[in-house]
Amino acid sequence: MARRNLRKGMTMIGPTPGLRVKQLEVRTRKDSGRNRSRLVEVAIKQSNVTSPMRSSPLSTPSKHSRSPSKQHFWSVDDETNVADMAQPPIDPIRLPRTMNDYIREWLRHKEDLLRILLEMEAAPSPRNCTKCGKDGVYRCTDCMHQPLFCTDCCRILHEAHPFHRIQQWTGEFFEDSALHMTGFQLYLGHNGAPCPSASPGPEHGPSEGQRYKMDTRAGGMGMVEEEWEDIDEVPLHLRPPANSKYLTIIDVTGVHFVRVQPCQCLDADSYHRQLFQAKLCASTFEKPSTAFTFAVLDDFLRENLECGTSGMNYYSKLRRVTSNVFPHLVPNRYRELLRLARQWRVLKLLKWNAFQDETERSSPGDLALFCAACPQPGINVDPDVDLDDWKYTRTVVMDGNFKAEHMHEKRPDDQVWLMDGRGFMVAHPPYQEYLQATPHITEKSACHNHRAISQANVSRGKLSATGIGATACARHGCFYPHSVVDFQKGERQLNMDYSLSNALGYNMTGIKNVLCFYDINCSYMKNLRKRVDNSPFLHIPSSLQIVPGIGIWHVHGHKQECYARYAPLFLRGSGWVDGEIIETLWSILNIVSASTRGMSSPHRQELLDFQMNDSNFMKMIRIVDSLSRKLKAARASVAMARDAFTKLDEAVSSENRQAWSIQEESALGGRVRDVSVMDIFEIQLKKAPTVRAVELELLEAPSQRGTRQGAASWITRGLGIEESEITLAITRKDSSKYPSETKRLAMARRSDRLAVDRSRFIADGQIYLAPLHQGTDADDYSAGMTDVAHHMSAVDDVVSGEEDSEGSMDEAADAVPLKMTKIAPLPLPSNFGIERCRAAGADELVEMELKLRIGQANDALHGLRIALADKAVAFRGVVRKATSYSMRTRAWQMVNSIDISVRQQAAIYKRCREAMIALGADTDTLTRFQQLQKSHMAIHTAAFSQNAHDHRSSNLPWFWCMDIPRTTSSKNWLTEFYRIHWLRAKAVKDRWEEEEDLLMSEFHWTMNFFKFRAKKWNKKCLSFKAAGLHGAACYAARQKAVYDRLAEQGASKWLNMSPEIQPLNQ
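One structure accompanies this document, and this report is about it. Position numbers for residues start from 1 in each chain and track the written sequence from start to end. In view of the model being predicted, local features appear only for residues whose pLDDT reaches at least 70, and side-chain atom pairs are presented and counted only at 80 or more, with totals across whole chains, interfaces and linings using the full set of residues. The side-chain numbers reported here are obtained from all heavy atoms of the structure, hydrogens and water having been left aside.

Quick notes on the overall build of the protein
Point 1. Strands here are runs of E lasting at least two residues and helices are runs of H or I lasting at least four, both read from the DSSP assignment and numbered beginning at the N terminus. Summing up its helical and strand segments, the protein has 31 helices and 20 strands in all.
Point 2. When accessible area is computed with a 1.4 Å probe and restricted to protein chains, residues below 20% of their type maximum are described as buried, those above 50% as exposed, and intermediate ones as partly exposed. Every one of the 1066 residues in the protein was classed for burial, and the buried ones make up 47%.
Point 3. Contacts between residues were defined by any pair of non-hydrogen atoms, one from each residue, lying within 4.5 Å. A sequence separation of at least 24 residues applies to 73% of the contacts in the protein between residues at least 6 apart.
Point 4. Note on areas: Shrake-Rupley with a 1.4 Å probe; residue coverage comes only from the protein chains shown. As displayed, the protein offers around 55600 Å² of accessible surface, 51% of which is attributable to carbon and sulfur atoms.

Here it is, written out as structure tokens:
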């Protein structure tokens, strides 16, 4: 906005009380493409204003207002009438504060905060006890405000806080101390009061009078029960109480030495039970000397879950909390921590799943939590409904993780399993029995050589498990209970069979359809039923229909046919799912995988089970928010997909629409019996032979003239190097005059690799073209080779823009050509000439190259057709609909990138045709492969509207029918191309519609799951009350309230999202 407009239309902000003026730079872009920058001043409310600012317009301007474009402007009326300043206040614009704003604010207070921090090191004056007024000696660093106490008050007031850390005044500073130095004792029973039956005599616990000295052996960091003379070297608060019974207690506040007095009544519980009732977990049952608080065990499990903290690192932290200067003098209880953490995990899982005692019958996976949103008959789905409906299809995903390795154990026979098979890892003995009874059959994949197959037999001598395999729900990412298996060598089929069999047996009663995603399903699913039927350990109901799929990321690493056969887009009933969610779950387990590598097998199993259970728990409590976000996105995407398909469908004739719909329905219905029927989603026209097909034919055909083996592959390498050089040269030409450093580096690397490949090719050429090389140099055969720059200049004359009313490629961003470097010809028969090759007896090499050149020309023309068709689609769907400058810019960038591909394919074809002429191709061949003209590169977007008049009456260029039989009309290629677009657009629309329906159903299933769990806990509560188990009844009531609250939250979220839809049943 110009300054004159500011004066006429608005009053700029002056020095107003309570407001701070801030200048913002606003950048805009004109229609011409130029950037425009201007400064705008806004008023920001200023806090802590101590005095009003001067309101005179003659106030001194700030340092930012010296130039005319940055000063505060006033209208003429304001300058002549200063008394009118008392106008209604300007409503300030509140800008969000950034991280740097807060740090700058802190910098102003840094010195003051440091001063306060140092003052807290001194004792208050007067130094009196805050409770009784006596001389204050101790202060508690864990109590609020660090109160100062005398010895008696410190001891008495910390009876309820026995693990606070205190400091003692030495006369000059506060030194770390401990509560046991004040005479503090911990009484068990009687609500913390001394036992009235206590009498001198034998007491529980360790013997009295023991002193501890440091273990100076290699690696020792513990304490040794011996007298030692250097006790004065240990700080006072790290010395255990002398001549008295004490217990080493580990808490989140560090390691403490506490005098413990148990209850000695006649009916008193055992010592370890009294400790447990005081929320202290003893390390042993007979004369325990160490105990851990419930708080520290919970904290360790939480840090292990959230941060992946190992037991060694966590206990090292506790030692530093106890003494940051002398952590090595703190007793080492690392092994006790690991042992008690195992026990604590199992107790927690038993409590969470309402297992009052072990007399209840256990079953595989009964301590594991599963997905709340997946259909589970009898839990969140009425078993009497029609489970044949597509909505009740289970969607699972399988994968292996090679980070979770496990080393061989020293004593494998001496193991204690605390929850074998009751979590997510399969039970150990049955799994080992299955492995010994099942031979591994190596099956060669007809697809690409994937890692999961190639490493199936990889064995590592030091590892008992090279990784783990698991099955999870593909829509929500919850691990299946009792389905995680160990790999012995690699990701073998027999391992994954066991995982899948167990997963499909979990809460699947009545479910008849399963979508299974796996990276190598194209090979894995071929003989699954045969392997299951031949094994007594595996069971998958024959009535269960399994539809295989491959995740959207992995399917692009397969051969072309696998995309239409296994991609999630073409799986009916899958919704909008990617099939890769299990990859995100591995990142959680990988945090702790390093620490489990050297654990015992039971310990490793328990830790991984606990991690996976927590992962499922976090998914459950967040499932409502996740479904809400997905449902909002699905509703928006459904509308877009329907609109896109409708526009495409309007251009289809009724005959084609009916025929294509029948094809689609037939393929989706018959894919279970024969997955190849899904190939209708790919181009069905018969293709001309490609370079690979020709090379394969030449390699399989026996040589009749004694030509050296590998000549066909050597010529194919040369053609590939030529293509790469042409592509690189065109990329350089289409780069700007001053490309970025990253782009220049990429092109330099490509050029360097091509130079290496060229050198190797020329060296190998000495073997196959020895007679032609004798007594000659490169100049003798370079005449037949036209340099790449010449190809491109000729192609630029051929390539033209879009002949559509909307514009042409000339409107795209201009590319400044770089100076081209001549590329020396390769020693191919076409560069020597047919006469010289025949004279040297290389006729068979000439025939080989001619056949390969024909295949290369077919590939180039196929790529040219695809690029031109994509260009027409881009003009029809992107360029025409661009309504703003930025949209037009992106649209033309897309067209420009497609046009680069057009020029590359045209240049390759031109080189092929020149080589055919040099190799003596007959008239029929040259008539079939004609020259490209400028008019051939133009294509009307109307050609993609099947009912358009232009399409019915126009004749497309000759190469549109090169890839199909001669009797086929050239328009059929575009019809086929349009069929593929129609089928895939319909698939996108169908999947998004399924996704919306599934998400709405999953909302209901989730609410049903919460209600089911609430009823289950209510039933437990009543049974516990009847049995007189009041504590268990209270816990069950609390769990019921939790699930009721989750159900209420979900119902509220559903009502806010869908007010027009009937509320969920309460």
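Description of the packing of aromatic side chains
Point 1. Pairing of aromatic side chains here covers Phe, Tyr and the six-membered ring of Trp, requires ring centres within 6.5 Å, and sorts the geometry by plane angle: under 30 degrees stacked, over 60 edge-to-face, intermediate tilted. Enumeration according to the criterion identifies 27 aromatic pairs in this entry.
Point 2. An angle of 45 degrees between the planes, with centres 5.2 Å apart, marks the rings of Phe-300 and Tyr-314 as tilted. With Phe-300 in helix H6 (residues 294-306) and Tyr-314 in helix H7 (residues 311-322), this residue pair connects regions lying 14 residues apart in the sequence.
Point 3. Classification of Tyr-314 by relative accessible area gives buried; the value is 1%.
Point 4. With a centroid separation of 6.4 Å and an interplanar angle of 45 degrees, the aromatic rings of Phe-1010 and Tyr-1043 are classed as tilted. Taken as a pair, Phe-1010 in helix H30 (residues 971-1026) and Tyr-1043 in helix H31 (residues 1030-1057) lie far apart in primary sequence, 33 residues in all.

Looking at the pattern of salt bridges
If charged atoms from side chains of opposite charge come close, those side chains can pair.
Point 1. Salt bridges are defined by distance alone: a side-chain nitrogen of Lys or Arg within 4 Å of a carboxyl oxygen of Asp or Glu. A full pass over the atoms with the stated rule returns 38 salt bridges.
Point 2. In this structure, the salt-bridge partner of Asp-388 is Lys-512, at a minimum N-O distance of 3.7 Å. Within this pair, whereas Asp-388 is found in the loop between helix H8 (334-352) and strand E14 (394-401), its partner Lys-512 is found in the loop between helix H11 (493-503) and strand E19 (513-517), the two being separated by 124 residues in sequence.
Point 3. Given the relative accessible area of 37%, Lys-512 is considered partly exposed.
Point 4. Between Glu-849 and Arg-853 there is a salt bridge; the shortest N-O distance is 3.2 Å. In this pair, Glu-849 and Arg-853 are both assigned in helix H26 (residues 843-879), four residues apart and thus about one turn of the helix distant.
Point 5. With a relative accessible area of 0%, Arg-853 lands in the buried category.
Point 6. Each of the salt bridges in this network shares a partner with another, and the network as a whole consists of Arg-642, Glu-664, Lys-986, Lys-989, Asp-990 and Glu-993.

With respect to the environment of His-428
Point 1. Within the secondary structure layout, His-428 lies in helix H9 (residues 428-437).
Point 2. The exposure class assigned to His-428 is partly exposed, which follows from its relative accessible area of 31%.
Point 3. For the pair His-428 and Pro-602, spaced 174 residues apart in the sequence, the C-alpha separation amounts to 9.2 Å.
Point 4. Excluding residues within four positions of it along the chain, His-428 makes contact with Trp-417 and Asp-420.

Examining H6
Point 1. Take the residue count of a helix, subtract one, and multiply by 1.5 Å to get its expected span. With 13 residues, H6 extends 18 Å from end C-alpha to end C-alpha; this agrees with the ideal 18 Å at 1.5 Å per step.
Point 2. Listed as buried for H6 are Phe-294, Val-296, Leu-297, Asp-299, Phe-300, Leu-301, Asn-304 and Leu-305.
Point 3. Looking one or two residues past H6, Gly-308 carries a phi angle of roughly 70 degrees, positive in sign.

Examining a positive patch on the surface
Point 1. A grouping of Arg-335, Arg-339, Lys-410 and Arg-411 is seen on the molecular surface, where their side chains present a positively charged patch.
Point 2. If you trace the backbone, Arg-335 turns up in helix H8. Only residues whose relative accessible area exceeds 30% and that form no salt bridge are eligible for patches; like-charged ones are grouped when within 9 Å, while nonpolar side chains (Val, Leu, Ile, Met, Phe, Trp, Tyr) are grouped when within 5 Å. Neither His nor the chain termini are counted; the positive set is Lys and Arg, and the negative set is Asp and Glu. Charge positions come from single atoms, namely NZ of Lys, CZ of Arg, CG of Asp or CD of Glu.

Some details on the sheet that holds strand E17 (residues 467-473)
Point 1. Strand order in this open sheet of five strands is E18-E17-E14-E19-E20, and the pairing throughout is mixed. Bordering the open sheet on either side are strand E18 (485-487) and strand E20 (545-549), each of which pairs with just one other strand. Between one strand axis and the next, the sheet turns by 25 degrees as a mean value, whatever way the strands run. Pairing between two strands is assigned when DSSP locates at least 2 bridges connecting them. Interaxial angles span 0 to 180 degrees and are taken between N-to-C directions of axes, which are lines fitted to C-alpha atoms, for helices over the stretch in contact.

Remarks on empty space enclosed by the protein
Rolling a probe over the atoms, with the probe sized like a water molecule, indicates the empty space that remains.
Point 1. A pocket here means an open set of points on a 1 Å grid, computed over the protein atoms alone, that has protein on both sides within 12 Å along at least five of seven lines. A cavity is instead a set of points where a 1.4 Å probe fits but cannot get out; residues with an atom within 4 Å of a point line either one. Grid points are joined across faces, edges and corners, and a volume is the space filled by probe spheres set on the points. If you walk through the whole model with that rule in mind, you get six cavities of 30 Å³ or more.
Point 2. Taken as a whole, the largest cavity holds about 80 Å³ of empty space.
Point 3. Together, 13 residues line the largest cavity, and Pro-375, Thr-393, Thr-395, Arg-475 and Glu-1002 are the ones closest to its centre.
Point 4. Among the elements of the structure, E14 and H30 are those that each provide at least two residues to the lining of the largest cavity.
Point 5. Tallying contributions element by element places H30 first for the lining of the largest cavity, with three residues.
Point 6. There is about 70 Å³ of room inside the second largest cavity.
Point 7. Three residue categories are used. Nonpolar comprises Ala, Val, Leu, Ile, Met, Phe, Trp, Tyr, Cys and Pro, charged comprises Asp, Glu, Lys and Arg, and polar comprises the others, including Gly. A class-by-class count of the residues in the lining of the second largest cavity yields seven nonpolar, three polar and one charged.

A look at the packing of helix H20 (residues 711-734) against helix H21 (residues 741-768)
The description of two helices packed together rests on the angle between their axes and the distance between the axes.
Point 1. H21 packs onto H20 with a crossing angle of 155 degrees between their chain directions and a minimal axis gap of 10 Å. With respect to H21, the axis of H20 lies roughly antiparallel. Between H20 and H21 the crossing geometry is left-handed. The segment H20 lies against H21, with Ala-711, Trp-714, Arg-717, Gly-718, Ile-721, Ser-724, Glu-725, Thr-727, Leu-728, Thr-731 and Arg-732 engaging Met-747, Arg-750, Ser-751, Leu-754, Asp-757, Arg-758, Arg-760, Phe-761, Asp-764, Gly-765 and Tyr-768. Comment on the angle field: the value is read as roughly parallel under 35 degrees, roughly antiparallel over 145, roughly perpendicular from 65 to 115, and oblique elsewhere. Crossings are classed by handedness, with left-handed meaning an anticlockwise turn of the near helix from the far one by less than a right angle and right-handed meaning a clockwise turn.

Quick look at the side chain of Gln-856
Point 1. By secondary structure assignment, the location of Gln-856 is in helix H26.
Point 2. Look at Gln-856 and you get buried, because its relative accessible area is 2%.
Point 3. For Gln-856, the contacting residues outside a window of four places in its chain are Val-691, Leu-719, Glu-723, Ile-908 and Cys-912.

A closer look at the nonpolar core
Point 1. In this description, a nonpolar core means a group of buried Ala, Val, Leu, Ile, Met, Phe, Trp, Tyr and Cys residues linked to one another through side-chain atoms lying within 4.5 Å. In this structure, Leu-500, Leu-504, Tyr-524, Ile-546, Met-620 and Phe-1010 are the most contacted members of the largest nonpolar core, which totals 72 residues.
Point 2. Setting aside chain neighbours within four positions, we find Met-620 in contact with Leu-369, Ala-372, Phe-1009, Phe-1010, Tyr-1043 and Leu-1046.
Point 3. In terms of nonpolar packing, the next biggest core, distinct from the first, is built from 28 residues, Tyr-314, Leu-340, Leu-350 and Leu-367 among them.

Some words on H7
Point 1. Taking 1.5 Å per residue as the helical rise, H7 with its 12 residues ought to reach 16 Å, and the 17 Å between its terminal C-alpha atoms agrees with that figure.
Point 2. Turning to H7, its buried residues number three or more, namely Gly-311, Tyr-314, Tyr-315, Leu-318, Arg-319 and Thr-322. The buried residues of H7 occupy an angular sector of 145 degrees when the element is viewed end-on, so they sit on one face. What the arc describes is the spread of directions from the helix axis to the C-beta atoms.

Looking at unusual backbone geometry
Point 1. Across the junction of Ser-125 and Pro-126, the peptide omega takes the value 0 degrees, indicating a cis bond.
Point 2. For Pro-126, the location among the structural elements is in the loop between helix H3 (99-119) and strand E3 (138-140).
Point 3. The phi dihedral of His-482 is positive, around 55 degrees, even though this residue is not glycine.
Point 4. For His-482, the position within the fold is in the loop between E17 and E18.
Point 5. Taking relative accessible area as the criterion, His-482 reaches 9% and is therefore assigned buried.
Point 6. In the Ramachandran plot, Asn-507 falls in the positive-phi region, its phi being about 50 degrees despite a non-glycine side chain.
Point 7. As for its placement among the helices and strands, Asn-507 is situated in the loop between H11 and E19.

With respect to the pairing of strand E10 (residues 247-251)
Point 1. Counting buried positions along E10 gives five out of five residues, so the element sits mostly inside the fold.
Point 2. With burial as the criterion, each face of E10 is covered, one bearing Leu-247, Ile-249 and Asp-251 and the other bearing Thr-248 and Ile-250.
Point 3. Adjacent in sequence and paired antiparallel, E10 and strand E11 (residues 254-261) are bridged by two residues.
Point 4. Here three bridges tie E10 to strand E13 (residues 290-293), and the two strands are oriented parallel to one another. Paired with Thr-248 across the bridge in E13 is Thr-290.

By themselves, these figures tell us nothing about what the structure is for.
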